[in-house]
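Examining the three-dimensional arrangement
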Amino acid sequence: MKLNHGLLGIIILLLLLSLPNIYERIQVENGQNTVEMVLPVEEIEELSSSLDQSLSDMLVELRESGLSAVSVEPLSIHDLAADGQLSIYSGTYLTDLLRLQGELNRELTDGYYVTLPENEYYNNLIEENLQAETITLFETTFFHIEDTSELDLDLGYDTSTLETLQEHNVPYVLRAGNQPTVEQNQMIVEKLVNQKNTLSQGILFTRDEAIGYPTINHLQSMATDLQQTGYHFYLIEFANQSGMQTVARSTDYDFIRLHSMFLDDKPLDESVQQTIRAIKERQIRSIYFHIPMEVEPSESYAATKDYLEDVQRNLPSKFELGTAQPFETIQQSNWMIWMVIIASIIWGYLATSWLSIRWARFIVPLVIFVLVIGYLFTDRLLLLQMIAWIIAVITPAYAVINAMKLRQKYLIEKDRAINWIKILLFSIGILLIGILMIIGMLNGNAFTSGMELFRGVKLLHIFPIVIAFIGLFWNDVIDHGKLLLHKFLHAEIKYWHALIVMIIAVIGFYYISRTGNAGSVSQVEIAIRTALEELLYVRPRTKEFLIGFPFFIIGLYLLKYFPLISKLILTFSTIGFLSVINTFTHFHMPLHLSFLRTGYSLLFGFVIGYLVVLIIKTIRSYLQRRL
């Protein structure tokens, strides 16, 4: 016992030494609170044309409503054709026309024939980028395009649109797509470099790839060239754009997290709530939205302005609308990280000290030690992620197992309030130690940007429960294993047994289905969540304050009267503890909000559990009097 206390003291000391790294993260997170609202300028142009209103006037009105910037798509031959600047004909179509005019022996080369735009600027863009041959037919000059993909090639940006934006001092985000060849990509990068000014600071990649993908060295050099010019990049939330991890590592995670949304998808008030939640809880600093397209232009314009004004009205006071910038670099001290790593090895021993087989207590610390050695020689981030995952798994189980053992110890004494306080404080302390280790190891812009993730989330929702179950029933199995197994195999199965198994199975399926981002949420739950967020700023997690922590209090209370039922309830109470750990593995969530959310969960969960215990006490007292 003295050894355990000494090791715990060492862990606490090491974690205290590492706190400046965590404080640095909090400072950086709180230092960038400017949010930008971005709308594609092409959609504004289309809307202005439909409403017979000038682009300049519409930009002024939208800016007054809260629009921060616009995005500008590069032009392609297809775009110019859609805008009426040129026409595209297939070689087969023109050959048929020639035959109708009597030129039976003339065959045109396969491909496409594009009329020359009247605007000299567009004409020069095609010549510079495609170097296409020209041919005259029917007294009309055409560009001959052999490859279909060249019709969608990025040619450059519409200077008239950029001039309008500059005239009204409207910041803009330049969109850029990956081209078929390295040479074409280099031309796009040159255009971006030439377009750089105080109004154009960010680049948002189009489609599913970053410029230069999949050739790593080209991807790195192009990203570096653009960053050195003064551009930053956008990381689209929930999008999997190939090559973005290479861009991130090449530019030291010079990113702004962007959330894309369509106002057609849901009612306006829900869109506003979604926007505020993204800004507040997920470090989103750029909202890229699309105007409604399924309504009349006048309604679409009105809804767009209403959305901007509602976001501005509901934005928490610490945030402001403007031109967003990437977060500052989180300065980390390597020796502080190593303090946490050393503490994790010791924690691996302490968190499994409940095992009565002494050699088994060294398995987890040994595994962590091997991973540490591997990280020391390879500097592979994956090994650090694996250590953090082990800590995340063993900590919730240890919190519950240790609480049960303390409760058993205090049952010998009088059931005093101070003992309950000790149990709760010890459990929270264990939880806090695990949290500080995880965020101490996986700290920095790589994680807060959302580019690097905590791996194994699904398993994190299962393994701690299994370990807690083993730990809670460990002594029963060791001392009476054969007898318990014999009773279990020969027990009579009653209908209520089957009912309980079915209920547990349904709860288990629902629990697993709700992990991650894919779980569905009912409208009633959405309404409750919204109300909690408005009241508390950030809502506590349902499975923490309504399931895990109430079960924890109830299970500890019942240990005195129904040990078997108590241990089963405590097993499921692990859900609350592992959910808290999972909260802190969402590194893109501001750290102070994670602590606030956890504080609410613990407070409400313990209070609800205590109220249920009072009800159980009342029922027991009533039954004892009657019987």
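Refer to the structure presented above.
Just so it is clear, the structure is predicted and the values come from calculations on it, not from any experiment.

Take the overall build of the chain next. In terms of helices and strands, the chain carries 25 helices and 12 strands. Dimensions of the chain, computed from the C-alpha atoms along their principal axes, are close to 105 × 55 × 50 Å. The 627 residues of the chain split such that 49% are buried. Taking all contacts inside the chain whose residues are at least 6 apart in sequence as the whole, residues at least 24 apart take part in 79%. Total accessible area on the chain stands at roughly 30,800 Å², and carbon and sulfur atoms take up 60% of it. Averaging the locations of the 45 positively and 64 negatively charged side chains of the chain gives two centres separated by 30 Å.

Quick look at helix α11 (residues 268-281) now. Counted at 1.5 Å a residue, the expected span for α11 with its 14 residues is 20 Å, and the 20 Å between its end C-alpha atoms agrees. All buried positions along α11 are accounted for by S271, V272, Q274, T275, I276, A278, I279, K280 and E281.

Time to look at the sheet that holds strand β3 (residues 88-90). Within a sheet, adjacent strands bond to each other through the backbone by hydrogen bonds, running parallel or antiparallel. Taken together, the 4 strands give an open sheet; going across it, the order is β3-β4-β6-β5, and neighbouring strands pair in antiparallel fashion. Each edge of the open sheet carries a strand with a single partner, namely β3 and β5 (133-137). Across the sheet, the mean angle from the axis of one strand to that of its neighbour is 35°, orientation sign disregarded. Most of the contacts of helix α5 (residues 91-100) go to β3, to which it runs at about 75°, and overall it touches β3, β4 (112-115), β5 and β6 (140-145).

A separate point is a nonpolar patch on the surface. Together, L459, I462, F463, V466, F469, I470, L564 and L568 line one region of the surface with nonpolar side chains, adding up to about 680 Å² of accessible area. Listed by contribution, the elements that provide at least two residues to the nonpolar patch are α19 (463-472) and α24 (563-584). Residue contributions to the nonpolar patch peak at 4 residues, all from α19. Structurally, I462 is set in the loop between α18 (457-460) and α19.

This part is about unusual backbone geometry. Between Y213 and the following residue, P214, the backbone shows a cis peptide bond with an omega angle of 10°. One can find P214 in the loop between β8 (200-205) and α9 (216-229). Positive phi values are uncommon outside glycine, yet N169 reaches one of about 60°. By the secondary structure assignment, N169 is in the loop between α7 (159-167) and β7 (172-176). Positive phi, normally seen in glycine, also occurs at D252, with a value near 55°. Locating D252 in the fold gives a position in the loop between α10 (244-250) and β10 (255-262).

Here the focus is the packing of aromatic side chains. In total, this model carries 19 aromatic pairs according to the counting rule given. Their ring planes at 65° and their centres at 5.2 Å tell us that F447 and F587 sit as a pair that is edge-to-face. Of this pair, F447 sits in helix α17 (residues 445-448) while F587 sits in the loop between α24 and α25 (591-626), and the two are 140 residues apart along the sequence. F587 matches F447 in its accessibility class, with the two residues each being buried. Ring geometry for F549 and F577: centres 5.2 Å apart, planes at 85°, overall edge-to-face. On the criterion of sequence distance, the pair formed by F549 in helix α23 (residues 542-558) and F577 in helix α24 is long-range, its members being 28 residues apart. For the pair F549 and F577, a shared accessibility class is recorded, and that class is buried. Among the aromatic side chains, those forming a connected cluster through ring pairs are F549, F552, F577 and F606. A cation over a ring is seen here: K567 above F473, with NZ or CZ 5.9 Å from the ring centre.

Let's shift gears to the nonpolar core. Counting residues in each nonpolar core, the largest one holds 137 residues, and the members touching the most others are L192, Y307, W347, M437 and M441. Considering every element that reaches this core, the biggest residue donor is helix α15 (residues 381-410), with 18 residues. Once residues within four sequence positions are removed from consideration, Y307 is found in contact with M37, M261, L263, L268, S271, V272, T275, I287 and F289. Among the nonpolar cores identified, the runner-up in size contains 15 residues, and Y122, L125, L130 and I145 belong to it.

The next point concerns the side chain of S271. Along the chain, S271 falls in helix α11. Taking the relative accessible area as the measure of exposure, S271 reaches 0% and is therefore buried.

A few words on the pattern of salt bridges. Following the criterion strictly, the structure yields 9 salt bridges and no others. When the shortest N-O distance is used, the salt bridge between E237 and R257 registers 3.4 Å. With E237 in the loop between β9 (232-236) and α10 and R257 in strand β10, this residue pair connects regions lying 20 residues apart in the sequence. The exposure classification of E237 matches that of R257, with both residues buried. The partner of R282 in a salt bridge is E237, with the nearest N and O atoms 2.5 Å apart. Of this pair, R282 sits in the loop between α11 and β11 (286-290) while E237 sits in the loop between β9 and α10; the two residues are 45 residues apart in sequence, bridging distant segments of the chain.

Turning our attention to the pairing of β8. The buried fraction of β8 amounts to 5 of the 6 residues, a majority that puts the element mostly inside the structure. Two elements, β7 and β8, share 5 bridges in a ladder whose sense is parallel. Looking at the pairing, R175 lines up with L204 of β8. For the crossover from β7 across helix α8 (residues 182-195) to β8, the handedness is right-handed. In this sheet, β9 lies alongside β8 in parallel orientation, the contact comprising 2 bridges. In the strand pairing of β9, G202 is matched with H232. After leaving β8, the chain enters α9 and then returns to the sheet as β9, a path that is right-handed.

Time to look at the environment of M261. Within the secondary structure, M261 is located in strand β10. The exposure class of M261 is buried, given its relative accessible area of 3%. Along the primary structure M261 and S271 are separated by 10 residues, whereas in three dimensions their C-alpha atoms are 8.2 Å apart.

Along the chain, the position of H461 falls in the loop between α18 and α19. At a separation of 3.5 Å, a polar atom in the side chain of H461 contacts the side chain of K543.

Reading the values: rules and limits
- Residues numbered from 1 in each chain as written.
- Predicted model: local features only at pLDDT ≥ 70, side-chain atom pairs only at ≥ 80, totals over all residues.
- Heavy atoms only, no water.
- Helix = DSSP H or I, 4+ residues; strand = E, 2+ residues; numbered from the N terminus.
- Buried < 20%, exposed > 50% of the residue type's maximum accessible area, 1.4 Å probe, protein only.
- Contact = heavy atoms within 4.5 Å.
- Areas by Shrake-Rupley, 256 points an atom, 1.4 Å probe, with all protein chains shown as cover.
- Lys, Arg positive; Asp, Glu negative; His and termini not counted.
- Charge placed at Lys NZ, Arg CZ, Asp CG, Glu CD.
- Expected span 1.5 Å × (residues − 1).
- Pairing = 2+ DSSP bridges.
- Axes fitted to C-alpha atoms, helices over the stretch in contact; angles between N-to-C directions.
- Patch = residues over 30% accessible without salt bridge, like charges linked within 9 Å, V, L, I, M, F, W, Y side chains within 5 Å.
- Salt bridge = Lys/Arg side-chain N within 4 Å of Asp/Glu carboxyl O.
- Phe/Tyr/Trp six-rings, centres within 6.5 Å; stacked < 30°, edge-to-face > 60°.
- Lys NZ or Arg CZ within 6 Å of the ring centre and 35° of its normal.
- Core = buried A, V, L, I, M, F, W, Y, C linked by side-chain atoms within 4.5 Å.
- Right-handed = clockwise from strand over helix to strand, strands pointing away.
- Polar contact = N/O pair within 3.5 Å; in protein donor to acceptor, adjacent residues only side chain to side chain.

Everything listed is a geometric property; what it means functionally is a separate question.
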